[in-house]
Amino acid sequence: MSHQTPLGSSGPQASCLDLWREKNDQLVRQAKVAEDLGLSPRRQKLAQDALEGLRGLLHSLQGLPAAVLVLPLELTVICNFITLRASLAQGFTEDQAQDIQRGLERVLETQKQVGPKLECGLGLRGLWNSVLHAASLPPELLPALHHLAGLQVALWLSTDHLGDLTLLLQTLNGSQNGSSEDLLLHLKTWSPPAKEPDDPLTLQDAQGLRDVLLTAFAYRQGLQELIAGNLPRALSSLHEAASGLCPRAVLVQVYTALGTCLRKMGNPQRAMLYLITALKGGLICGPPLLEASRLYQQLGNTAAELESLELLVEALSVTPSSEAPRFLIEVELLLPQPDPASPLRCGTLSQVRHLLASRCLQTGRTEDAAEHYLDLLALLLDGWEPKFSRLPCPQGLCMPEIFLEAAAALIQAGQAQDALTVCEELLRRTSFLLPKMPWLWKDARKGTKESPHCPPWVSAAYLLQGQAWVQLGDPKQAISEFSRCLELLFRCIPKDKEQGPASNCEQGWCMSDEALQQLRAAALISRGLEWVASGQDTKALQDFLLGVQVCPGNGDASLHLLQTLRRLGRRDEATALWRKLEAQTKLPQENATWSLPLYLETCLSWIRPPDHETLLEDFRTSLLEPFSAQRL
């Protein structure tokens, strides 16, 4: 049975208390010495020895009956042990929750609240409620108890137990109402009792811990509001975080988030000021550089946007210098893993290189785009197996599409031979996915419904090879590649197409039905143009007509068809088609709800007729004026 020792007692326990306190203070000093050693191996050994010393001291204290005289020291040792253990592990564990629970149970033992209440298992929330409402809680216990409560808040914050956290802060503040939305206010209101000069040493006092908690929660809340689109509330919380106890590394992230928030609120000048301040922090420049590129893109300053991305590539190419964490509960320890939608997630070096290369291609910087894509491929293929793994595209880079974008960039830059090499490498690495053509024709003759599975980017590789041969001046080879592309597109369908887009993505398709139609149209138009160039308008007419049928929304196929009908002297059909196109231009244009792969957009730009309106006006003159002359 536990015994309660009067505060005024003396004797062996008092002398032991001095020894225990001296041991605690010595271990805290040892941890602080280790903290100043930077990243040296001795630091880790000294800190680990201090942790084991605190563990042993705690076992000694808890091996005796709970006593009011000893409890302030015992709770202080628990706080030091949890703080050092969490900082060394860079996170909280269930063991630390058990340490807190054991400390609270010891407090209740001294209050004679033993038996049924503890036996039925109150849980941490119930224990805190019982302890903080105890009638005879001695005042000298409050500083250590508030310190332990701060560690409980830190643990619950790191595990998103915001409801329990709010109730604990309400009890500490003596308030009875409020919600988790008032958590920031509860943290501001909480004022832990000040330590006395002769109190046992601590690695971190309760007031310092409270300031860390306030900053961490304000920052977490600001990020959540920013991702959710609640910009005014995000701005308020982020300002609160920036004004608090914020380490330099975290301050860089806070300023970056403020820049993102202000950019989205339409205040680019203030956003830029915060990003510049973030970059001056000098520790983590990835997120502010990426956000700066977004800001410059929004402002239409392409040169500055690409320069920011180039600087970001350089920054990610260098191993960042790391600082040894302090043996405290710091803000970083309480932050969640970066959300994929977070503006602070700048991605890997390969992802940023891809972003830079694709933006160069999109903005017409073709030579730079080709160079960046070749660098990217060299980076990605270093150490790769000869076959592609089926990586889900939405979560990361889609390797086949990077090959295709690289080939398109090389063709755009006039490097057709290099583009052929890239496409051949793609096909070599995906040869296991290609259907055997004799089987294909055999199944077709037998009327077999199931066709071999073949991802559309395999067909796209043949399309780009055809465009490369067009640039090299070999129409026969170009037509052969376009035909192979169409053969695969029309005869090879995904096995699980009926299961929807998600299944297609898992199977390596990752292409919408609209994009697939545009890919077929691009191949038909490309081959049709080669027939035109070789003087075979009848064959071209068939391809353009089929292009209109497979992709009615592709106006390029209709314009090429119109030109071919005119050359063949089929005036009635040309006039009917012209009237249809004229009528379509007068209808309100709907914004497309889908997007095309970049390589396909680039390819479509090569086969697009110049100036749509001028072309239709030219047809008006050439087709209608002869009829007017006949009437006169």
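Above this text is the structure in question.
Just so you know, these numbers come straight off a predicted model, no measurement behind them.

### A look at the overall build of the protein
Now for step 1: Of the regular secondary structure elements, the protein holds 29 helices and zero strands.
Now for step 2: Here the protein holds 632 residues, and 49% of them are scored as buried.
Now for step 3: Across the protein, every contact between residues at least 6 apart in sequence was considered, and the portion connecting residues at least 24 apart equals 68%.
Now for step 4: With the model as given, the accessible surface of the protein reaches about 30,500 Å², and the carbon-plus-sulfur share is 52%.

### Structural notes on the environment of leucine 333
Now for step 1: One can find leucine 333 in the loop between helix 15 (302–317) and helix 16 (349–362).
Now for step 2: In this structure leucine 333 comes out as buried when scored by relative accessible area, which is 12%.
Now for step 3: With near-sequence residues (within four places) excluded, leucine 333 lies in contact with Ala86, Ser87, Gln90, Gly91, Phe92 and Leu328.

### Focus on the packing of aromatic side chains
Now for step 1: What the rule picks out here adds up to one aromatic pair.
Now for step 2: With a centroid separation of 5.6 Å and 40 degrees between ring planes, the pair formed by tyrosine 255 and tyrosine 274 is classed as tilted. On the criterion of sequence distance, the pair formed by tyrosine 255 in helix 12 (residues 248–264) and tyrosine 274 in helix 13 (residues 268–280) is long-range, its members being 19 residues apart. Taken as a pair, tyrosine 255 and tyrosine 274 share a single burial class, namely buried.
Now for step 3: A cation sits over an aromatic face here: arginine 520 above phenylalanine 490, 5.4 Å from the ring centre.

### Examining the packing of helix 18 (residues 399–412) against helix 28 (residues 598–606)
Now for step 1: Where helix 18 meets helix 28, the closest approach of the two axes is 8 Å, and the angle between their N-to-C directions is 30 degrees. Relative to helix 28, helix 18 is oriented roughly parallel. The handedness of the crossing between helix 18 and helix 28 comes out as left-handed. In contact with Glu401, Leu404, Glu405, Ala408, Ile411 and Gln412 of helix 18, helix 28 contributes Leu598, Tyr599, Thr602 and Trp606.
Now for step 2: Of the residues assigned to the contact of helix 18 with helix 28, the class counts are six nonpolar, two polar and two charged.

### Regarding the nonpolar core
Now for step 1: Of all hydrophobic cores here, the largest spans 95 residues; its most connected members are Phe92, Leu104, Trp128, Leu148, Leu213, Ile329 and Leu334.
Now for step 2: What leucine 148 contacts, discounting residues up to four positions off in sequence, is Leu75, Ile78, Cys79, Ile82, Ile100, Leu104 and Trp128.

### Here's the deal with the side chain of glutamine 152
Now for step 1: Tracing the backbone shows glutamine 152 in helix 7 (residues 142–158).
Now for step 2: Leave out the neighbours within four places in its chain, and glutamine 152 touches Ile100, Leu124, Trp128 and Leu168.

### Describing the pattern of salt bridges
Now for step 1: This structure, assessed with the given rule, holds 21 salt bridges.
Now for step 2: Taking the shortest distance from any N to any O, the salt bridge between aspartate 25 and arginine 21 comes out at 3.7 Å. Of the two residues, aspartate 25 and arginine 21 are both situated in helix 1 (residues 12–35); the distance of four residues between them amounts to about one turn of the helix.
Now for step 3: We classify arginine 21 as partly exposed; its relative accessible area is 28%.
Now for step 4: A salt bridge links arginine 233 to glutamate 225, with the nearest nitrogen and oxygen atoms 3.6 Å apart.
Now for step 5: In this structure arginine 233 comes out as partly exposed when scored by relative accessible area, which is 45%.
Now for step 6: One network of salt bridges, with partners in common, ties together Arg102, Glu105 and Glu109.

### Looking at unusual backbone geometry
Now for step 1: Even without being a glycine, glutamine 90 presents a positive backbone phi close to 55 degrees.
Now for step 2: Note that glutamine 90 resides in the loop between helix 3 (71–89) and helix 4 (94–110).
Now for step 3: A relative accessible area of 46% means that glutamine 90 is categorised as partly exposed.
Now for step 4: For aspartate 160, which is not glycine, the phi dihedral falls at a positive 60 degrees.
Now for step 5: The class for aspartate 160 is partly exposed, based on a relative accessible area of 47%.

### Looking at the environment of glutamate 74
Now for step 1: Inspection of the secondary structure assignment puts glutamate 74 in helix 3.
Now for step 2: C-alpha separation for the pair glutamate 74 and serine 60, spaced 14 residues apart in sequence, amounts to 9.8 Å.
Now for step 3: Those residues within four positions of glutamate 74 in sequence are excluded, and the remaining contacts are Leu58, Leu61, Gln62 and Arg106.

### Side note on the packing of helix 21 (residues 456–471) against helix 28
Now for step 1: Between helix 21 and helix 28, whose axes approach to 11 Å, the crossing angle comes to 35 degrees. Of the two possible hands of crossing, helix 21 and helix 28 adopt the one that is left-handed. Contact with helix 21, carried on its side by Ala460, Leu463, Leu464 and Gln467, involves Tyr599, Cys603 and Trp606 of helix 28 and no other residues of that element.
Now for step 2: Counted by class, the contact of helix 21 with helix 28 contains six nonpolar, one polar and no charged residues.

### A word on helix 19 (residues 416–429)
Now for step 1: If you check helix 19, its first and last C-alpha atoms are 20 Å apart, about what 14 residues at 1.5 Å a residue would give, namely 20 Å.
Now for step 2: What helix 19 keeps buried is the set Ala416, Ala419, Leu420, Val422, Cys423, Leu426, Leu427 and Arg429.
Now for step 3: Elements that come into contact with the buried residues of helix 19 comprise helix 17 (366–381), helix 18 and helix 21.

### A look at the environment of alanine 292
Now for step 1: With respect to the secondary-structure elements, alanine 292 resides in helix 14 (residues 286–299).
Now for step 2: Expressed as a C-alpha distance, the spacing of alanine 292 and threonine 256, which sit 36 residues apart in the sequence, is 8.9 Å.
Now for step 3: With residues up to four places along the chain from it excluded, the contact list for alanine 292 reads Leu275 and Ser308.

### Examining a negative patch on the surface
Now for step 1: Where like charges cluster on the molecular surface, the negative patch consists of Glu307, Glu310, Glu314, Glu367, Asp368, Glu371 and Asp375.
Now for step 2: Every element with two or more residues in the negative patch is listed here: helix 15 and helix 17.
Now for step 3: If one sorts the elements of the negative patch by residue count, helix 17 sits on top with four residues.

Reading the values: rules and limits
- Residues numbered from 1 in each chain as written.
- Predicted model: local features only at pLDDT ≥ 70, side-chain atom pairs only at ≥ 80, totals over all residues.
- Heavy atoms only, no water.
- Helix = DSSP H or I, 4+ residues; strand = E, 2+ residues; numbered from the N terminus.
- Buried < 20%, exposed > 50% of the residue type's maximum accessible area, 1.4 Å probe, protein only.
- Contact = heavy atoms within 4.5 Å.
- Areas by Shrake-Rupley, 256 points an atom, 1.4 Å probe, with all protein chains shown as cover.
- Phe/Tyr/Trp six-rings, centres within 6.5 Å; stacked < 30°, edge-to-face > 60°.
- Lys NZ or Arg CZ within 6 Å of the ring centre and 35° of its normal.
- Axes fitted to C-alpha atoms, helices over the stretch in contact; angles between N-to-C directions.
- Parallel < 35°, antiparallel > 145°, perpendicular 65-115°, else oblique.
- Left-handed = near helix turned anticlockwise from the far one by under 90°.
- Nonpolar A, V, L, I, M, F, W, Y, C, P; charged D, E, K, R; others polar.
- Core = buried A, V, L, I, M, F, W, Y, C linked by side-chain atoms within 4.5 Å.
- Salt bridge = Lys/Arg side-chain N within 4 Å of Asp/Glu carboxyl O.
- Expected span 1.5 Å × (residues − 1).
- Patch = residues over 30% accessible without salt bridge, like charges linked within 9 Å, V, L, I, M, F, W, Y side chains within 5 Å.
- Lys, Arg positive; Asp, Glu negative; His and termini not counted.
- Charge placed at Lys NZ, Arg CZ, Asp CG, Glu CD.

Bear in mind that shape data such as this cannot, by itself, settle questions of function.
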